[in-house]
Amino acid sequence: MPGKNLSREEARQRADILEVDGYRVHLDVTSAPDPAAATFRSSTTIRFRCSRPGSATFVDLLAPAVRSVRLNGRALDPAEVFDGARVALDDLAAENVLEVEADCAYSRTGEGLHRFTDPADGETYLYTHYEPADARRVFADFEQPDLKAPFTFSVTAPAAWDVWSNAVHERIGDEGAARTWEFAPTRPISTYLTAVVAGPYHVERDHYSRELPDGSTLEIPLSALCRKSLARYFDADEILGVTKQGLEYFHDEFDYPYPFGKYDQAFVPEYNIGAMENPGCVTFREEFIFRSKVTEAAYEGRANVILHEMAHMWFGDLVTMRWWDDLWLKESFADFMGSYALLGAKTRFHSAWITFANQRKAWAYRQDQFPTTHPITADIRDLEDAKLNFDGITYAKGASVLKQLVAYVGRDAFFEGARRYFKRHAYGNTVLGDLLGALEETSGRDLTAWAGAWLQTAGVNALTPQLTVDAEGRITELVVLQDGAAGDTASAPGGLRPHRVAVGCYERDSDGALVRTDRIELDVTGARTVVPELAGRPRPALVLVNDDDLTYCKIRFDSESLETLRTGLGDIADGLARALAWSAVWNLTRDALMPARDYVALVLRFAGQESNIGVLQSLHQQAKGAVDLYADPQWRAEGGRLLAEGALRELRAAEPGGDHQLAWARFLAQTANGSEHLRLVRGLLAGTARIDGLAVDQELRWSFWLALAAAGEATEQELAAELAADNTASGRRQHTQCLAARPTAEAKAAAWSAVLDSDELPNALVEAQIAGFGQAGQRELTAPYAQRYFELLERVWAERTIEIAMRIVGGFFPRLQITPQTLAAADDWLTGHPEAAPALRRLVLECRDDLARALRAQACDGA
Ligand SMILES: [Zn+2]
């Protein structure tokens, strides 16, 4: 397979014959502040051995130009050996030295070495992001996780800058206008984990120390960085506080001293993902620095990510998957640990498992019902497959299943297994069996059947209680029915799995609250499992299968329990049980088993009582989705009006200055459509209207401007004035989104063209244009683009980087044109393009499946 898309087979062949002793990489980024400079100099020396002298191989490099290539002192002609993605090497010796000099490109897509100029002060900032395979945009390398090596970086940068990398710097040279930073060699790490951050970043420092069992003291210097113009918003104390709690906790649990020396955390602009676990130099999206008031859910989410990345220092960085098939080995573990450690590390966030049940699992359930779903251990043929697999299965389903594994083997066996795994495979690479082997040793259990059913088969089961009741209202039999998941395999025959579950029975107490009166824990195995303990008991008001969220399944209800929820969901006293009930009724709506208007009615009736702020924010998002996508089109306008009225009612009722008030204000901005609501929004912006305790700060101002822009009630001059008052990276993004959201054919054409007719836009503005383009109230305006979308898919996939192509393919899919015609157009494209890249087909299939689901839900709502 030629070109950029390295295959698993090629990687295996290369690992069979090569061993890498070390890299020296020098980058000269002194040109970075000059916007006219498109490239930087990259010099790489790789020392590596070959077990089959005389054979040929290649190094990976995505660079506009290669100046020179020398293999063992022999000059190779770049014109002959470099094809734009690889440098061919032949006649390898037993011991080799490869030297490559190249001009590499500054990135505007967040892949490779990203360059950002701050509109607030004109300063330039650089950072790298590589996973899964973009280190080759910055230096020549063997781009696969199992060819680990020590890296020695040096960077020449403008004299006023600081530079960070995985290791500490040993020396800073002074060349007048530039300085060269020389870093210590790293421990052996994978190419995708290397990192460089450079620029006039603002830095906050701290340190963590700990006595080790051998009597020595472990000292870890800590730092946290952000752009200078964000420094006044930077709550580094809170970030470093969680960092120290996490280091304390992971040292207690893992019994393996943090292996990478220091721990820097850089909050960087225009970052494509949440964060990346580069050893010693973690990068985060800078939206984790809050410019305006945010809710406690945002602080919890950030702390979760800090702990997730920290868990990777051991699981992922110290011990790394051999190839991307086992990406779950690190991501499921880190995703699980992000929540587990929020509680274990004694942070101030106590709702971790509610958030997990309500939000992370919703991601997994959605992904696991696509036709493209896959087992947790995936079959990753190449890098394009790998790129798409950072998904709800690899992260959230995998974490759900690990949560269950902890319950299955016990907490002590689980952590003892992890400790053995770190020690046994430190600085090495592993596959599934290595982890399972360690866990089998410590638990004494055979995990073959468990792994077969949970890691190697796809799909989600639904569990439904079925009750028979006698004339006195007593249960004669309570059965848990299991629906088969998609896959029918030897380890999950008929798609049925073993589930450890708790069945909860709930009754009204004297205050009217729904409280648990019984809890039976049992194993659900086949299609039908009797719960004998509950026979003879009076029929409860509500039966909740998977109470306490032990297993991974869709929760269904018997008809009486569903009736109890309709009249009293918000009365469930326990926060986790209530979150599970909310999640279950959302799944019923998505599955066309509950009309969208009934779901909306539940939200309007009970969301005002929801105390958990993260759950409330999910309800807002889902209620809006229910109206925009799942409601009968005849009822859609009415549903939208009800949401806006509900938002205003709850906004006025919410505690002044509290998180709930802010969440309802944002929801009002998302739903405002009638003149009364838009007038209020305008009044809040102008300061002529007030809601007691509500601070209309910069981020909320932009939400309100977006509402006005989408309704055609904000002029270009007004939006320009807001940008002038907030001339920042964030302001620029939101201004772009507002312009694209305006309800005119010209605005739509401009957004479409800005994204598709040039590749000048950086990733963040591509995202803003796409988000502004697709407004639910503007279906007629965007309808003409549906056919054009299918015509340009292959060109986009061929011409754009995969990150940008994924955003365009997913973002411009005509998801609001919910008609059989759109479905037919998607099917025509899929039928007519069997040879299109599998990753592209996967994205289109998933969008197509969402559309088919919306049509089913609309039919249910209109019935
Ligand atoms: Zn991760």
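Up top you'll find the structure we're talking about.
Here we summarise the structure given alongside this text.

Attention shifts here to the overall build of the protein. The helix and strand inventory of the protein stands at 28 helices and 28 strands. The C-alpha atoms of the protein give 28 Å as radius of gyration, which agrees with the globular expectation for 863 residues (29 Å, within 12%). The principal-axis extent of the C-alpha atoms belonging to the protein is close to 90 × 70 × 60 Å. Within the protein, buried positions represent 61% of all 863 residues. Taking the contacts inside the protein whose residues are at least 6 apart along the sequence as the reference set, 72% of them involve residues at least 24 apart.

Attention shifts here to the pairing of strand β9 (residues 124–129). The element β9 is extensively covered by neighbouring structure, given that six of its six residues are classed as buried. Neither face of β9 is open: one carries T124, L126 and T128, the other Y125, Y127 and H129, and all of them are buried. Taken together, strand β8 (residues 112–117) and the strand that follows it, β9, pair antiparallel across an intervening segment of six residues, in which G122 is found at a positive phi of about 80 degrees. One ladder, built from two bridges, connects β9 with strand β14 (residues 196–199); its direction is antiparallel. The residue of β14 that forms the bridge with L126 is A198.

With that settled, the discussion passes to the environment of N304. Relative to the assigned elements, N304 resides in helix α4 (residues 296–314). Sequence spacing of N304 and A334 is 30 residues, and the spatial spacing of their C-alpha atoms is 9.7 Å. Dropping the residues within four chain positions of it, N304 is found in contact with G338, S339 and L342.

Moving on, we come to the sheet that holds strand β10 (residues 151–158). Reading across from one edge, β5-β4-β7-β2-β1-β10-β13-β12 is the order of the eight strands in this open sheet, with mixed pairing throughout. Lying at the two open borders of the sheet, with one neighbouring strand each, are β5 (74–76) and β12 (169–174). Across this sheet, the average inter-strand angle for adjacent strands is 15 degrees, counted without regard to direction. Where strand β4 (residues 65–71) meets β5, three bridges bridge the pair, whose relative direction is antiparallel.

Once that is clear, we can look at the layout of surface pockets. There is about 840 Å³ of room inside the second largest pocket. Elements with a contribution of two residues or more to the lining of the second largest pocket: β8 and α22 (745–756). At three residues, the largest contribution of residues to the lining of the second largest pocket is made by β8. Looking at the lining of the second largest pocket residue by residue, the class counts come to 16 nonpolar, six polar and ten charged.

Read across the open sheet, the five strands follow the order β15-β16-β17-β19-β18; overall the sheet is mixed. Edge strands, defined here as strands with exactly one partner in the open sheet, are β15 (202–211) and β18 (275–276). Here four bridges tie strand β16 (residues 217–226) to strand β17 (residues 263–268), and the two strands are oriented parallel to one another. Pairing of S223 across the sheet is with D264, part of β17. Sitting on the sheet, helix α3 (residues 236–254) is in contact with β15, β16 and β17, with an inclination near 25 degrees to β15.

With that settled, consider helix α19 (residues 698–710). Each α-helix winds once per 3.6 residues, and so residues spaced three or four apart point in a common direction. With 13 residues, α19 ought to run about 18 Å at 1.5 Å a step, and its terminal C-alpha atoms sit 18 Å apart, in line with that. Considered for burial, the residues of α19 that qualify are Q698, L700, W702, F704, W705, A707, L708 and A709. Tucked into the core, α19 has its buried residues touching α17 (659–671), α18 (675–686), α20 (716–725) and α21 (729–741). Among the residues trailing α19, G712 stands out with phi positive, at a value near 75 degrees.

Now for the packing of helix α6 (residues 352–368) against helix α8 (residues 393–409). In the contact formed by α6 and α8, the axes pass within 8 Å of each other and the chain directions differ by 125 degrees. With respect to α8, the element α6 is oriented oblique. Taken as a pair, α6 and α8 cross one another with a handedness that is left-handed. Together, W353, F356, R360, K361, W363, A364, Q367 and D368 of α6 and I393, Y395, A396, K397, A399, S400 and K403 of α8 make up the contact between the two elements. Across the contact of α6 with α8, the residue classes break down as eight nonpolar, two polar and five charged.

To continue, consider the pattern of salt bridges. Where charged atoms of side chains with opposite charge meet at close range, the side chains can pair. In the structure shown here, the tally under the stated rule is 80 salt bridges. With a shortest N-O distance of 3.0 Å, R519 and E521 are connected by a salt bridge. Judged by relative accessible area, R519 falls into the partly exposed class, the value being 32%. Given a relative accessible area of 36%, E521 falls into the partly exposed group.

Before going further, it helps to examine α4. The end-to-end C-alpha distance of α4 is 28 Å, a good match for the 27 Å that 19 residues give at a rise of 1.5 Å each. Of all 19 residues making up α4, 14 are buried, and the element is well covered by its neighbours.

Before going further, it helps to spend a moment on the packing of aromatic side chains. The relation between two aromatic rings is expressed through the spacing of the ring centres and the mutual angle of the planes. Per the counting criterion, the structure on display carries 52 aromatic pairs. Relative to F260, the ring of Y258 has its centre 6.0 Å away and its plane inclined at 75 degrees; by these criteria the two rings are edge-to-face. A single burial state applies to Y258 and to F260, both of which are buried. Geometrically, the ring pair formed by W664 and F667 is edge-to-face, given 6.0 Å between the ring centres and 70 degrees between the ring planes.

Here the zinc ion is held by H308 (NE2), H312 (NE2), E331 (OE) and E331 (OE), and the distances to it run 2.0 to 2.8 Å. Given four donor atoms and angles of 51 to 151 degrees at the metal, the environment of the zinc ion is assigned as irregular. Along the chain, the residues donating to the zinc ion fall in the pattern H-x3-H-x18-E. Residue H308 and its partner H312 are both found in helix α4; the two are separated by four residues, about one turn of the helix.

The rules behind the values
Residues numbered from 1 in each chain as written. Predicted model: local features only at pLDDT ≥ 70, side-chain atom pairs only at ≥ 80, totals over all residues. Heavy atoms only, no water. Helix = DSSP H or I, 4+ residues; strand = E, 2+ residues; numbered from the N terminus. Rg over C-alpha atoms; globule rule 2.2 N^0.38 Å. Buried < 20%, exposed > 50% of the residue type's maximum accessible area, 1.4 Å probe, protein only. Contact = heavy atoms within 4.5 Å. Pairing = 2+ DSSP bridges. Axes fitted to C-alpha atoms, helices over the stretch in contact; angles between N-to-C directions. 1 Å grid on protein atoms, 1.4 Å probe; cavity = no way out; pocket = protein on both sides within 12 Å on 5 of 7 lines; lining within 4 Å. Points joined across faces, edges and corners; volume = space filled by probe spheres on them. Nonpolar A, V, L, I, M, F, W, Y, C, P; charged D, E, K, R; others polar. Expected span 1.5 Å × (residues − 1). Parallel < 35°, antiparallel > 145°, perpendicular 65-115°, else oblique. Left-handed = near helix turned anticlockwise from the far one by under 90°. Salt bridge = Lys/Arg side-chain N within 4 Å of Asp/Glu carboxyl O. Phe/Tyr/Trp six-rings, centres within 6.5 Å; stacked < 30°, edge-to-face > 60°. Donors = N, O, S within 2.8 Å, 3.2 Å for Na, K, Ca; no water. Tetrahedral: all angles 85-135°; square planar, octahedral: opposite > 155°, others 65-115°.

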